[in-house]
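Each chain is listed here by its residues.
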Amino acid sequence: MKKNTHYSTYIYWAMGFFLALFLAQCGLKAISVVVPKSAKANERVTFTMKCGAEPRIQGGGNYSTQLLAGIMVPKGWNARKNLTMSFTSPKGNGTMRIIPDSELEPVSGLSWHQAAKKMFGIGPNLVDDMEWIVFRSTQAYSFVNNEDIDFTVKAECNVGAENMLLSLGFYIGSSIENLRPEDTDYKKFTFSNAFEVTDGEGDLIDFINPQLGTVQPVKSLDNDIITLTFDAGVTNTVLDQEAAIYLHVKAMDASGKLIAEIKKQTADTKLSDIGGKKYRIDIWPRGFFKLDKDVHIARLEYFYSDVTGTKSVGYGNTDAPFKYTFRCD
Amino acid sequence: MKIYKILSWPLMLALCWAINSCKDELGNIPTEESEKDITGKWQVTQLTRNGEDLSKRLTLDNFKIDFNADGTYTIADNLPFVVSGSGKYRLDDPQYPFSVVLSPAEGKADIVLKFQFPVVKGKRQLSLVMSLGCSSNTYQYNCERLNGGI
């Protein structure tokens, strides 16, 4: 009996060593992407991911898996409706399908799209209005030892109607490996250089350069909880030496009529210091302005001020207010 | 040695009989899933927006929901929620619910909230998922029962 226990210990050690060796020596190459510098609003654009597989299977045998590819784009592009992905490789070409929301990534217990966002984040973008969308090849492919190949994945989608400057995210993975946090061999991701959408609607939405004042979520209604952030590190302002920053805000309806204004410097209007010369305040506008049921805010106009309310900073460090329009599309 | 062999047969038979009788007993234990009871006053203890935890940034003290035994609900005035005021509620399936259906008293259309009812640290937790404004923004409210029960 003792002898058997001894042997089983050796077997477990050997299995662990084999697994470690297998994981350490097999995987995907680094990913590179080809992204145009700009595109016109609503234009259909192709983004290209180049990657490769390097199967080093200890002891021979096959490694069979499906190809995963993901892209991170602004939610406003509605890319889930028009994104397509396909790949070319020496093992054959194929199309890919979006992984259904109902299918959970086993490690995180989230949908694959949510799991990718949790794992890879939003890269160099400063405003989180992004979504990851993960596709999977319709076929599985088998690899034998040292069968190195390079492959290319093309993602095509419409870029949306708004002017914006952002960084896009890209992911390549292997379906049987899931999104294990400790794995560095089977999930490769990268973020693009700046990509601009031009000739579209509205002012430029700049996701990657620091802004004096931002609102998250980028798209919301007055019943959402919104976060207003003041980044005093962007430029010198009259509030540089102030220990406390306060919000002075007006709520307007769709016709531009003033519904309510809050300009007192109280605990409710004080921003929290979150370090790095950044301050933020979370508000639920309907509760913050104590709105009646039938009243709806269309737009906010706001300033950041000191404790006396005499010094204030507006859009672009001017006397003009920051503006935020409530909308979903 | 012979004695062991002779004794081992009756022992094996006894063991088989014992296992078999256990099976019968286990088979008699009712396994029907109980109906889920969400009645009570629930306090929001964790709130996330698009996966970002806002719990420590908001004052949650007044974020309360009452699910009353008579099938009505009341949302606290200060709670950001998909509906306001009061109305009637029901679970889509009393035994295996996936959602809570709210019928506002104002006569608006029914609201279906994704629902989970896990036991966390020995206490029932009510977890509701909804969009307060834009559908692109998802909020998850994790609540604990205030009036004692699990």
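Rules behind the numbers
Residues numbered from 1 in each chain as written. Chains lettered and ligands numbered in written order. Predicted model: local features only at pLDDT ≥ 70, side-chain atom pairs only at ≥ 80, totals over all residues. Helix = DSSP H or I, 4+ residues; strand = E, 2+ residues; numbered from the N terminus. Buried ≥ 20, exposed ≤ 12 C-beta atoms within 10 Å, placed from the backbone. Contact = placed C-beta atoms within 7 Å. Nonpolar A, V, L, I, M, F, W, Y, C, P; charged D, E, K, R; others polar. pLDDT = per-residue confidence, 0-100. Pairing = 2+ DSSP bridges. Axes fitted to C-alpha atoms, helices over the stretch in contact; angles between N-to-C directions.

A few words now on the overall build of chain B. Helix and strand counts for chain B come out as one helix and ten strands. Looking at the 150 residues of chain B, the share that counts as buried comes to 15%. Once local pairs closer than 6 in sequence are excluded, the contacts in chain B between residues at least 24 apart make up 34%.

Looking only at helices and strands, one finds four helices and 23 strands in chain A. Here chain A holds 329 residues, and 33% of them are scored as buried. At a minimum sequence separation of 6, the contacts of chain A that also span at least 24 residues come to 74%.

A word on the interface of chain A and chain B. At the junction of the two partners, chain A supplies 16 residues and chain B supplies 15 residues. Its residues assigned to classes, the side of chain A that touches chain B comprises five nonpolar, three polar and eight charged.

Further remarks concern the confidence of the model for chain A. Caution applies to low-pLDDT parts of the model: their predicted coordinates are not meant to be read in detail. Residues at a pLDDT of 70 or more form 92% of chain A, whose mean pLDDT is 89. In this model residues 15-25 of chain A is a low-confidence stretch, pLDDT under 50, and it forms six contacts with partners more than four residues away in sequence or in other chains.

Let us look at the environment of B:Arg145. All names here are of chain B. Its place among the elements puts Arg145 in strand β10 (residues 139-145). The sequence separation of Arg145 and Trp42 amounts to 103 residues, and the corresponding C-alpha distance is 4.5 Å. When neighbours within four sequence positions are excluded, Arg145 is seen to be in contact with Gly40, Trp42 and Arg124.

The next subject is helix α3 (residues 112-120) of chain A. Residue and element names in this part refer to chain A. Most of α3 is tucked away: seven of the nine residues are buried. Looking only at α3, the buried set comprises Trp112, His113, Gln114, Ala115, Ala116, Lys117 and Met119. Considering only its buried residues, α3 is in contact with β5 (63-74), β8 (130-143) and β11 (169-174). Immediately beyond the C-terminal end of α3, within one or two residues, lies Gly121, with a positive phi of roughly 70 degrees.

Okay, the pairing of strand β7 (residues 111-116) of chain B next. Residues and elements named next belong to chain B. With four bridges joining them, strand β6 (residues 99-104) and β7 adopt antiparallel strand pairing. Its bridge partner being in β7, Leu102 is matched across the sheet by Ile111. Following β6, the chain reverses through six residues before pairing antiparallel with β7; Gly107 in that reversal takes a positive phi of roughly 85 degrees.

Another point: the sheet that holds strand β13 (residues 195-198) of chain A. Residues and elements named next belong to chain A. Read from one edge of the open sheet, four strands run β3-β13-β10-β14, paired in mixed fashion. Of all strands in the sheet, those with a lone pairing partner are β3 (38-40) and β14 (201-206), marking the two edges. This sheet shows a mean twist of 15 degrees between the axes of neighbouring strands, independent of strand direction.

This paragraph deals with the sheet that holds strand β19 (residues 272-275) of chain A. Residue and element names in this part refer to chain A. The sheet built from four strands is open, its strands ordered β15-β16-β20-β19 with antiparallel pairing. Each having just a single partner strand, β15 (213-216) and β19 make up the two edges of the open sheet. Going from strand to strand, the sheet's axes swing by 30 degrees on average, the running direction of each strand aside. Two strands pair when backbone bridges link them, and β15 and strand β16 (residues 226-231) are joined in this way by four bridges, in the antiparallel orientation.

Residues and elements named next belong to chain A. With omega at -5 degrees, the peptide bond leading from Gln216 into Pro217 counts as cis. Here Pro217 is to be found in the loop between β15 and β16. Its identity is not glycine, yet Asn178 carries a phi of approximately 60 degrees, on the positive side. Relative to the assigned elements, Asn178 resides in the loop between β11 and β12 (187-191).

Let us look at the environment of A:Tyr246. Residues and elements named next belong to chain A. When you line up the elements, Tyr246 lands in strand β17 (residues 246-252). Between the alpha carbons of Tyr246 and Thr269 there is a distance of 5.4 Å; along the sequence they are 23 residues apart. In contact with Tyr246, other than residues within four places in its own chain, are Gln265, Thr269, Lys270, Leu271, Ser305 and Val307.

This brings us to the pairing of β6(B). One face of the sheet, then the other: side chains in a regular strand alternate in exactly this way. Where strand β5 (residues 86-91) of chain B lies against β6(B), five bridges are found, and the strand directions are antiparallel. Of the residues in β6(B), the one forming a bridge with B:Gly87 is B:Pro104.

Further remarks concern the environment of A:Phe151. All names here are of chain A. Counting through the fold element by element, Phe151 comes out in strand β9 (residues 149-158). Overall, Phe151 belongs to the buried group, with 22 C-beta atoms counted inside 10 Å. The sequence separation of Phe151 and Gly52 amounts to 99 residues, and the corresponding C-alpha distance is 5.5 Å. Here Phe151 is in contact with Cys51, Gly52, Phe87, Thr88 and Ser89, once residues within four sequence places are set aside.

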